[in-house]
Amino acid sequence: MGDCTATASVMEAEEELIAAVQHIVKALETKINLTDDARKILANLGSQLTDITRVSESCNEELEEHEGLHEIEEQLNKIQDKVMKWENDQLMIWDCGPEESYEYLKAVDEARKLTETLESRSLNNGGEDTSLLRRAHDVLQTAMARLEEEFRHLLVENRQPFEPEHLSFRSSEDDIIDAGSVISSGDDSIEDVVQRDSMARSSEEYVIELVHPDVIPDLKSIAHLMFDSSYGRECSQVFVNVQKDALDDCLFILDVEKLSIEDVLKMEWNALNSKIRRWMRAMKVFVRVYLASEKLLTDQIFGELESVSSVCFAESSKTALLQLLNFCEAIAIGPHQPEKLIRILDMYEVLADLTPDIAALYSDEAGTCVRNECLDILKRLGDCAKATFLEFENAVASNVSANAFPGGGVHHLTRYVMNYIKTLMDYSKTLDEVLKDQDNESSPSVSPNMSPVSEDENVGESPSSSPMALRFRSLISILESNLDEKSKLYKDESLQHLFLMNNIHYMAEKVKNSELRTVLGDEWIRKHNGKFQQLAMNYERATWSSILALLKDEGIQNPGSNSISRTILKERLQSFYLAFEEVYKSQTGWSVPDSQLRDDLRISTSLRVIQAYRTFVGRHINHISEKHIKYTSDDLEVFLLDLFEGSQKSLHGKK
């Protein structure tokens, strides 16, 4: 400032200086030739005038700089007043109306621009404005902290309730159904009770407003301002934290518990079955409704900020989604119990169906870990399903009975296996996928637009040669071998044949009257029809051949003559009656559960026995005393109708 003071003193004598210069100019107009001394004096004068001009210009620049800093400081003071006013106020800015929030955003944006200006000036003048720049940074930081709170407040207070009216997520009676026990309980119960857990896709696909739409523009404005001010990380973190809590609330509404893998592995099957059913419903709604809505919200707020939206979505949602996927993992690594197979296939189908949705939601690099985890767990579920089916085969093969099955009826194992595979027909495409040989397996595609289970997976492949069909044939062969071993527990050969006849007939009828026919084929049915018919003939032969031999004419003549021996006839009839009564006593306790098969067997037996008896008695009626004929043909026919009812009776005392 010393130069400026000296310059001011010179300027005070400006008039005298101008007058002297004008005098010199006039003198020079009349002087063409100057002496050396004159030239030297004039040169010194020129140098002094140049110095005076430079000092004057420098002083003007300093004055302008000073005036600019003064204006910036005044502007910063005004901004600081606006920002600090709200720091002393307990109210939230956005609760005080749009005008207040607009003015605050405007002030903060001015603070941002002012800070950028000071940063630029600081670089140019070597940091002379450090104090003012530090103040500007402090004001901006205070404002950013406040915007964080306002952003959080808007998200939390304007969250919309999530409870789709038409979907029920809470426990219901069928949550306690044990799929495994139902399969083994009877012929038709599985059809009625074990149902596929599915909801119409239309009810799963709709977007809801997670945050009131009126505040979306405000949230977007705050986010953009914070990112422009280099506070994007703080804004993103607020969003992620708030939405994580919202996702936890959503899982609670969907009745999803936080369970560790250990918790799942310790569960009893009834409880676990209920959890799986809830998981299936929750997973569909969570992905197709809630995550789709969450993705929309994220895009609405951060969509114009390049990759920010995908990162925020992935970070806020992956914990909840991985919680759901971890439940699948726990099921996949659990014991391979046959009663779990249907539920495992249910889970596989749900996850396979949702894989394209998940891939689309997490299509960017930020979602890579979620996509990979989804595909990995899907493969584990598939491996688990295959291992469980193979374990079922082993269980059938190793099923050992210490005692013969009472009455020779349809064994529980036969009912269980046939109902089991009949139910599995609902999962034919999925089973074909998971039962493929390891050598032929290909890794699931990671394309966002493809599901690992393709509708056209087995185009051109005959149903009877599909992986599932081959496994079913193998399983039934194992069952037949096991039944053959069980039949050997009967001491009576006739009962061995009857037992096998009942079970093979049951298997053939189950296949013929269900979708199993399309897989095992008509040739399989014809073969097994022939089997049980042959077994029926074997039963008749084993039961009645020796008895009916008593009614033949061989050996009834008197020794040494062709005359009929009345004594031998009497003995033959008595032996026949005793044998018939013994058969009646034992075989009324035997069982042929199928009414049509029971009637057919009775008719076939009756035709054979009654015809032989009527012919024998009629031929020798003149040699047999009436008192020795214990039963008429009609009596025997009536008695034969009592066979195979599973309730033992006796003919003693009836006549």
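Remember, it's a predicted structure, so these values are computed and weren't measured experimentally. (Residues numbered from 1 in each chain as written. Predicted model: local features only at pLDDT ≥ 70, side-chain atom pairs only at ≥ 80, totals over all residues. Heavy atoms only, no water.)

**Notes on the overall build of the protein chain**
Thinking step 1. Along its length, the protein chain carries 23 helices and zero strands.
Thinking step 2. A buried classification covers 44% of the 655 residues belonging to the protein chain.
Thinking step 3. In the protein chain, the share of contacts with a sequence separation of at least 24, taken over all contacts with a separation of at least 6, comes to 82%.
Thinking step 4. Element-wise, carbon and sulfur atoms account for 49% of the exposed surface of the protein chain, whose accessible area totals about 33900 Å². (Helix = DSSP H or I, 4+ residues; strand = E, 2+ residues; numbered from the N terminus. Buried < 20%, exposed > 50% of the residue type's maximum accessible area, 1.4 Å probe, protein only. Contact = heavy atoms within 4.5 Å. Areas by Shrake-Rupley, 256 points an atom, 1.4 Å probe, with all protein chains shown as cover.)

**Some remarks on the pattern of salt bridges**
Thinking step 1. Evaluation of the coordinates by the stated rule reveals 33 salt bridges.
Thinking step 2. Of the charged contacts in the structure, one is a salt bridge between Arg159 and Asp249, with a shortest N-O distance of 3.0 Å. Taken as a pair, Arg159 in the loop between α5 (130–157) and α6 (179–185) and Asp249 in helix α10 (residues 232–253) lie far apart in primary sequence, 90 residues in all.
Thinking step 3. With a relative accessible area of 30%, Arg159 lands in the partly exposed category.
Thinking step 4. By relative accessible area, Asp249 is classed as partly exposed at 40%.
Thinking step 5. The salt bridge involving Asp346 is made with Arg343; its shortest N-O contact spans 2.8 Å. Note that Asp346 and Arg343 are positioned in helix α14 (residues 341–361) at a spacing of three residues, about one turn of the helix.
Thinking step 6. On the basis of relative accessible area, Asp346 is assigned to the buried category, the value being 3%. (Salt bridge = Lys/Arg side-chain N within 4 Å of Asp/Glu carboxyl O.)

**Remarks on the confidence of the model for the protein chain**
Thinking step 1. Residues at a pLDDT of 70 or more form 77% of the protein chain, whose mean pLDDT is 83.
Thinking step 2. Considering only residues more than four positions removed or in separate chains, one finds that residues 168–185, a stretch of pLDDT under 50, has 45 contacts. (pLDDT = per-residue confidence, 0-100.)

**Some words on the nonpolar core**
Thinking step 1. Residues Phe151, Met283, Phe286 and Phe472 are the most contacted members of the largest nonpolar core, which totals 171 residues.
Thinking step 2. Setting aside residues no more than four positions away along its own chain, Phe286 makes contact with Leu247, Cys250, Leu251, Leu254, Leu291, Ala320, Leu321 and Leu324. (Core = buried A, V, L, I, M, F, W, Y, C linked by side-chain atoms within 4.5 Å.)

**What to know about a positive patch on the surface**
Thinking step 1. Judged by side-chain charge, Lys78, Lys82, Lys85 and Lys106 come together as a positively charged surface patch.
Thinking step 2. Turning to its location among the elements, Lys82 is positioned in helix α3 (residues 36–87). (Patch = residues over 30% accessible without salt bridge, like charges linked within 9 Å, V, L, I, M, F, W, Y side chains within 5 Å. Lys, Arg positive; Asp, Glu negative; His and termini not counted. Charge placed at Lys NZ, Arg CZ, Asp CG, Glu CD.)

**Remarks on helix α16 (residues 412–424)**
Thinking step 1. In this model, α16 (13 residues) spans 18 Å end to end at C-alpha, consistent with the 18 Å of a helix rising 1.5 Å per residue.
Thinking step 2. Most of α16 is tucked away, with 12 of its 13 residues classed as buried.
Thinking step 3. Among the residues making up α16, those that are buried are Leu413, Thr414, Arg415, Tyr416, Val417, Met418, Asn419, Tyr420, Ile421, Lys422, Thr423 and Leu424. (Expected span 1.5 Å × (residues − 1).)

**Details of the environment of Ala612**
Thinking step 1. The residue Ala612 is located in helix α22 (residues 595–619) in this model.
Thinking step 2. Residues Ala612 and Ala549 lie 63 residues apart in sequence; the distance between their C-alpha atoms is 9.3 Å.
Thinking step 3. Excluding residues that lie within four positions of it along the chain, Ala612 makes contacts with Leu548 and Leu551.

**Description of unusual backbone geometry**
Thinking step 1. With phi around 70°, Ser230 is a residue other than glycine that occupies positive phi space.
Thinking step 2. Along the chain, the position of Ser230 falls in the loop between α9 (216–228) and α10.
Thinking step 3. Backbone geometry places Asp255, a non-glycine residue, at a positive phi of 65°.
Thinking step 4. On the accessibility criterion, Asp255 (16% relative accessible area) is buried.

**Here's the deal with empty space enclosed by the protein**
Thinking step 1. Inspection of the entire model under this criterion finds five cavities of 30 Å³ or more.
Thinking step 2. Estimated volume of the largest cavity: approximately 130 Å³.
Thinking step 3. Elements represented by at least two residues in the lining of the largest cavity include exactly α12 (269–302) and α13 (308–333).
Thinking step 4. Per-class residue counts for the lining of the largest cavity are five nonpolar, one polar and four charged.
Thinking step 5. Roughly 60 Å³ of internal volume is contained in the second largest cavity.
Thinking step 6. Looking at the second largest cavity, the residues that line it are Val264, Leu265, Leu272, Ala330, Ile331, Gly334, Pro335 and Lys340. (1 Å grid on protein atoms, 1.4 Å probe; cavity = no way out; pocket = protein on both sides within 12 Å on 5 of 7 lines; lining within 4 Å. Points joined across faces, edges and corners; volume = space filled by probe spheres on them. Nonpolar A, V, L, I, M, F, W, Y, C, P; charged D, E, K, R; others polar.)

**Focus on the environment of Ala402**
Thinking step 1. Within the fold, Ala402 resides in the loop between α15 (368–397) and α16.
Thinking step 2. On the basis of relative accessibility, which here comes to 70%, the residue Ala402 falls in the exposed class.
Thinking step 3. Spatially, the C-alpha atom of Ala402 lies 8.9 Å from that of Lys486, the residues being 84 residues apart in sequence.

**Some words on the packing of aromatic side chains**
Thinking step 1. This model, assessed by the stated rule, comprises 20 aromatic pairs.
Thinking step 2. Here Tyr539 and Phe644 contribute two aromatic rings whose centre-to-centre distance is 5.7 Å and whose plane-to-plane angle is 70°, an arrangement assigned as edge-to-face. With Tyr539 in helix α20 (residues 516–548) and Phe644 in the segment after α23 (633–640), this pair connects stretches of sequence that are 105 residues apart. An identical accessibility class is assigned to Tyr539 and Phe644; each is buried.
Thinking step 3. Aromatic pair Tyr584 and Phe639: ring centres 5.8 Å apart, planes at 70°, arrangement edge-to-face. Of this pair, Tyr584 sits in helix α21 (residues 566–587) while Phe639 sits in helix α23, placing them 55 residues apart in sequence. Per residue, the accessibility class of Tyr584 equals that of Phe639, and both read buried. (Phe/Tyr/Trp six-rings, centres within 6.5 Å; stacked < 30°, edge-to-face > 60°.)

**Topic: the packing of α14 against α15**
Thinking step 1. Look at α14 against α15: their axes get within 9 Å of each other, and the N-to-C directions meet at 160°. Taken together, α14 and α15 sit at an angle that is classed as roughly antiparallel. Helix-helix and strand crossings are classified by hand; for α14 and α15 the assignment is left-handed. Residues Leu341, Ile344, Leu345, Met347, Tyr348, Leu351, Ala352, Thr355, Ile358 and Ala359 of α14 lie in contact with α15, whose contacting residues are Val370, Arg371, Cys374, Leu375, Ile377, Leu378, Leu381, Gly382, Cys384, Ala385, Thr388 and Phe389.
Thinking step 2. Among the residues making up the contact of α14 with α15, the classes are represented as 18 nonpolar, three polar and one charged. (Axes fitted to C-alpha atoms, helices over the stretch in contact; angles between N-to-C directions. Parallel < 35°, antiparallel > 145°, perpendicular 65-115°, else oblique. Left-handed = near helix turned anticlockwise from the far one by under 90°.)

**Quick look at the side chain of Thr543**
Thinking step 1. As for its placement among the helices and strands, Thr543 is situated in helix α20.
Thinking step 2. Of note is the side chain of Thr543, whose polar atom sits 2.7 Å from the side chain of Ser494.
Thinking step 3. Excluding anything up to four places from it in sequence, Thr543 contacts Ser494, Val583 and Gln587. (Polar contact = N/O pair within 3.5 Å; in protein donor to acceptor, adjacent residues only side chain to side chain.)

**A closer look at helix α18 (residues 467–487)**
Thinking step 1. In a regular helix each residue adds 1.5 Å, so 21 residues correspond to 30 Å; α18 covers 30 Å between its end C-alpha atoms and thus fits that length.
Thinking step 2. Among the residues making up α18, those that are buried are Pro467, Met468, Ala469, Phe472, Leu475, Ile476, Leu479, Glu480, Asn482, Leu483, Lys486 and Ser487.
Thinking step 3. On its buried face, α18 is in contact with α15, α16, α17 (428–434), α19 (493–512) and α20.

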